[in-house]
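Here is what each chain is made of, one letter per residue.
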Amino acid sequence: MRHAVRPMIHFMPRSHETSCRPALCLAFCMFILIAPTGPAKAQTPADTTGTTAQATSALSAAAPVPQPALSISLTREVLIAALGFLEPRTLEAHSARDFCLWGLDGLTAIDPTLSVTETRPEVSGPVPSPTGAMTATKNSADASAQAPAILNVLQGQTVVFSRIMPDADSNGAWADLVTAAMQAAWQHSATLREAGSDALLQGFFDELFNHLDPYSRYLGPSPAISDRTRRTGDTGTVGLSLGQSGRMIVITAVNANGPAWEAGVDTGERLVSVNGRSTRGQDVTTVQEWLEGNEHTSVTLGIAAKGHRTTMLQLERTQVPPETVFASTDGPFTVLRVTSFSTQTAEEISQYLDQVVDEPTPDTSAPSTNKNKTAGIILDLRGDRGGVLQQAVTTAALLLDHGVAVTTYGRNPLANHIWAVQGGDMTNGTPVVILVDGRTASAAEILASALADHRRAVVIGSETLGKGLVQVIGQMPNGGELFVTWSRNQAPLGWPIQGLGVMPQVCTSLGAASLQAQLSALKQGNTLQGEAVQMARAARYPVPVTKILDIRKHCPAAIGSDADMDAAKVLMSSPAAYKAALESVPDENSAPIH
């Protein structure tokens, strides 16, 4: 098996392998709820005698405008599911009490007249001693401190809810308490009712996650659907984008993740029919809808290339993740622009690499001569905000012979992984340059750091964002999703990605003169960025903010520019410069123990 990724779980005896055809490995915590609806209230018809105005007045008095309802059962189920998901996974340990008190500040965020306070009852006079005898206390404050805490919700100066707090770790009791507090606030606040129940939960989680980290978050039902579509695809389709040419429908793009790609459909061909219906004279939107349907259903396409007869193809609709890799050539170099890491990104990259790189077979000892063989590969990760961690690791496996791509550490044992790759470099050592900028983040930083630390690629650009935290996704009973940070990323040489980002071997954000000086020095076998690269690789968690800023100032984060691509082509045109840039990163065997 080639190009494998082997995650090894700390403290556990066995390991798991996945092939180079990537699979999404995150486990989703699923919670299912059927929320019963209450019976409708019977209304007594208004008295219709008298004038029309009197009838209208009587009807209004008898049937007041109904207030929007808050689903108590669904709210409670979401809270129970969320507390159960959060408690074992957050980077630092917190109780249900912590989560709920933080979240209830969301009431104030929506309606500033509401406030949440914690009080303890005043105790005076004799109190029970441990033996049961009544003894006088030296200080009533001592007795009050031992009394159970009380949660209060106030509107202005008026207490609208008050209840004794349960034990700190009782998820069910805290879910009951918060639900009751929300219900009381809902009944007294028109602002809450106007915002709606989705906003009530959104406010709760927003305030809760404000106390954790910048990347943990809650998505309500509608945004969660859109996000899932971005990661995994939507309803069943075949992966074609269409355009119009006169009265004909033409294929403008073929998604490499879809069945049409596998069937050999090409851009520029005409789509003549869909399930026997002629597309002539139809608009693009209509024909696109014909292509879509339930997953695993069949659709028959009539395809005609210019000058050829129509060929009938029967395809099975599947969920097709959005295409994330776009290939082009720039002279002798292949450019792969990766916009994000979805569930099929590594497979897309693998397909493009197969087209541009010769690979030895069992019958040949060396690659065959091929005039189309690329002189170098440029991975453009500028603006790539990341995505699925495993896809970055699997992509690294396509370009590394073996080694660790990234290590993740968290409080939960299941968050601790050494992501090792093996199987062999499918490009046979073809030079690789990675373009990054200040927007490059997360999974994209994992790929860049993995290839740079193993001296497999040269990183060009500016300091990246520095998002080195991993989120796990939990689906809630209302269809919403929790993204909870549960581990930190550590690059192969032991430095933390969070905050630091990836320090390029060639920095383009210091100006044209600096870039020219760097490239000239590299051609002579020297590196002007070496000190900054070494300083970044020597950092170890936790890194003080002052040190992070001191390191990052050597190549300030910036938006990518044409200078990045120009530098990449100059570097790969000079073997001496490329080698010197690679070797500016410490050798794996000489790096500090981590």
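Coordinates for the structure precede this section.
Residues numbered from 1 in each chain as written. Predicted model: local features only at pLDDT ≥ 70, side-chain atom pairs only at ≥ 80, totals over all residues. Heavy atoms only, no water.

A. Expanded view of the overall build of the protein. Within the protein, the regular secondary structure consists of 18 helices and 25 strands. In the protein, buried positions account for 47% of the 594 residues. Partitioning the intrachain contacts of the protein with sequence separation of at least 6 by distance along the chain shows that 71% fall at a separation of at least 24. In the form shown here, the protein has an accessible surface area of approximately 27,900 Å², with 53% of it arising from carbon and sulfur atoms. (Helix = DSSP H or I, 4+ residues; strand = E, 2+ residues; numbered from the N terminus. Buried < 20%, exposed > 50% of the residue type's maximum accessible area, 1.4 Å probe, protein only. Contact = heavy atoms within 4.5 Å. Areas by Shrake-Rupley, 256 points an atom, 1.4 Å probe, with all protein chains shown as cover.)

B. Expanded view of the sheet that holds strand β21 (residues 432-436). The 6 strands are arranged β16-β17-β18-β21-β22-β25 in an open sheet whose pairing can be described as mixed. In the strand order of this sheet, the two ends are held by β16 (325-330) and β25 (506-507), each with one partner. Pairing of β21 with strand β22 (residues 458-461), which is carried by 4 bridges, proceeds in the parallel orientation. When the bridges of β22 are listed, V436 appears paired with G461. (Pairing = 2+ DSSP bridges.)

C. Geometry of the sheet that holds strand β2 (residues 114-119). Read across the sheet, 3 strands follow the order β2-β5-β6 without closing on themselves; strand pairing throughout is antiparallel. Each edge of the open sheet carries a strand with a single partner, namely β2 and β6 (158-164). Neighbour-to-neighbour, the strand axes of the sheet open up by a mean angle of 20°, direction not taken into account. Those strands touched by helix α3 (residues 96-110) are β2 and β5 (150-155), and its axis lies near 150° from that of β2. Along the sheet, helix α5 (residues 171-188) contacts β2, β5 and β6; its crossing angle with β6, the most-contacted strand, is approximately 170°. (Axes fitted to C-alpha atoms, helices over the stretch in contact; angles between N-to-C directions.)

D. Structural detail: the pattern of salt bridges. On inspection of all chains with the given rule, the structure shows 13 salt bridges. Across the pair R456 and D425 runs a salt bridge whose closest N-O atoms are separated by 2.9 Å. Here R456 is found in the loop between α13 (443-453) and β22, whereas its partner D425 is found in the loop between β20 (417-422) and β21, with 31 residues between them in sequence. A salt bridge links D453 to R537; its shortest N-O distance comes to 3.0 Å. Placement of the pair is D453 in helix α13 and R537 in helix α15 (residues 530-538), with a sequence separation of 84 residues. Residue classification places D453 among the buried positions, given a relative accessible area of 2%. Members of the salt-bridge network, linked through shared partners, are R76, E77 and D176. (Salt bridge = Lys/Arg side-chain N within 4 Å of Asp/Glu carboxyl O.)

E. Looking closely at the state of the cysteines. A complete count under the given rule lists 1 disulfide for this structure. The disulfide partner of C507 is C555, and the gap between their sulfur atoms is 2.1 Å. As the torsion about the S-S bond is roughly 100°, the C507-C555 disulfide counts as right-handed. Of this pair, C507 sits in strand β25 while C555 sits in the loop between α16 (545-552) and α17 (562-572); the two residues are 48 residues apart in sequence, bridging distant segments of the chain. Residue classification places C507 among the buried residues on the basis of a relative accessible area of 0%. (Disulfide = S-S within 2.5 Å.)

F. Layout of the nonpolar core. Grouped together as the largest cluster of nonpolar side chains are 102 residues, with contacts concentrated most on F161, F205, L379, I434, L451 and L482. If one sorts the elements of this core by residue count, α5 sits on top with 10 residues. Here F161 is in contact with L151, N152, V153, L177, A180, A181 and A184, once residues within four sequence places are set aside. Core analysis: the second largest hydrophobic core is formed by 21 residues, L515, L519, A567 and A581 among them. (Core = buried A, V, L, I, M, F, W, Y, C linked by side-chain atoms within 4.5 Å.)

G. How the structure looks around the packing of helix α12 (residues 389-399) against α13. Two elements in contact, α12 and α13, have axes whose closest approach is 8 Å; the angle formed by their N-to-C orientations is 25°. It follows that α12 is roughly parallel to α13 by the angle criterion. Seen from above, α12 lies across α13 with right-handed handedness. Residues L389, A392, T395, A396 and L399 of α12 lie in contact with α13, whose contacting residues are A443, I446, L447, A450 and L451. In the contact of α12 with α13, the residues fall into 9 nonpolar, 1 polar and no charged. (Parallel < 35°, antiparallel > 145°, perpendicular 65-115°, else oblique. Left-handed = near helix turned anticlockwise from the far one by under 90°. Nonpolar A, V, L, I, M, F, W, Y, C, P; charged D, E, K, R; others polar.)

H. A look at the packing of aromatic side chains. Per the stated rule, a full pass over the model turns up 5 aromatic pairs. Here the aromatic rings of F204 and F205 are separated by 5.3 Å at their centres, their planes lie at 85°, and the arrangement is edge-to-face. For the pair F204 and F205, a shared accessibility class is recorded, and that class is buried. Three or more aromatic residues joined by ring pairs make a cluster, and in this case those are F204, F205, F209 and Y218. Sitting over the face of the ring of F483, R217 holds its NZ or CZ atom 4.0 Å from the ring centroid. (Phe/Tyr/Trp six-rings, centres within 6.5 Å; stacked < 30°, edge-to-face > 60°. Lys NZ or Arg CZ within 6 Å of the ring centre and 35° of its normal.)

I. Examining the environment of G386 more closely. Examined against the element boundaries, G386 turns out to sit in the loop between β18 (376-380) and α12. Judged by its relative accessible area of 6%, G386 is buried. Not counting the four nearest positions on each side in its chain, G386 is found in contact with S340, F341, A441, S442, A443 and A444.

J. A look at the pairing of β6. Relative to β6, β5 runs antiparallel, the two being bridged by 6 bridges. Counted as the bridge partner of L154 is V159 from β6. The antiparallel pairing of β5 with β6 creates a hairpin that spans 2 residues between the two strands, and G156 there sits at a positive phi of about 65°.

K. The arrangement of the environment of L201 in detail. Assignment of secondary structure puts L201 in helix α7 (residues 197-209). The exposure class assigned to L201 is buried, which follows from its relative accessible area of 7%. Contact partners of L201, with chain neighbours within four places excluded, come to T75, V78, Y218 and N478.

L. Just the packing of α3 against α7, in detail. Interhelical geometry of α3 versus α7 gives an angle of 125° and a closest axis separation of 7 Å. Compared by their axis directions, α3 and α7 come out oblique. Remark: the crossing between α3 and α7 carries right-handed chirality. Across the interface between the two elements, F99, C100, W102, G103, L104, D105, G106, L107, A109 and I110 from α3 touch A199, L200, G203, F204, E207 and L208 from α7. Of the residues belonging to the contact of α3 with α7, the class tally is 11 nonpolar, 3 polar and 2 charged.

M. Seen up close, unusual backbone geometry. Residue Y541 is joined to P542 through a cis peptide bond whose omega torsion reads -5°. Here P542 shows up in the loop between α15 and α16. Even without being glycine, H296 reaches a positive phi, approximately 75°. As for its placement among the helices and strands, H296 is situated in the loop between α10 (284-291) and β13 (298-304). Under the relative-accessibility criterion, H296 is labelled exposed at 54%. A positive phi angle, near 55°, is found at N428, a position not held by glycine.

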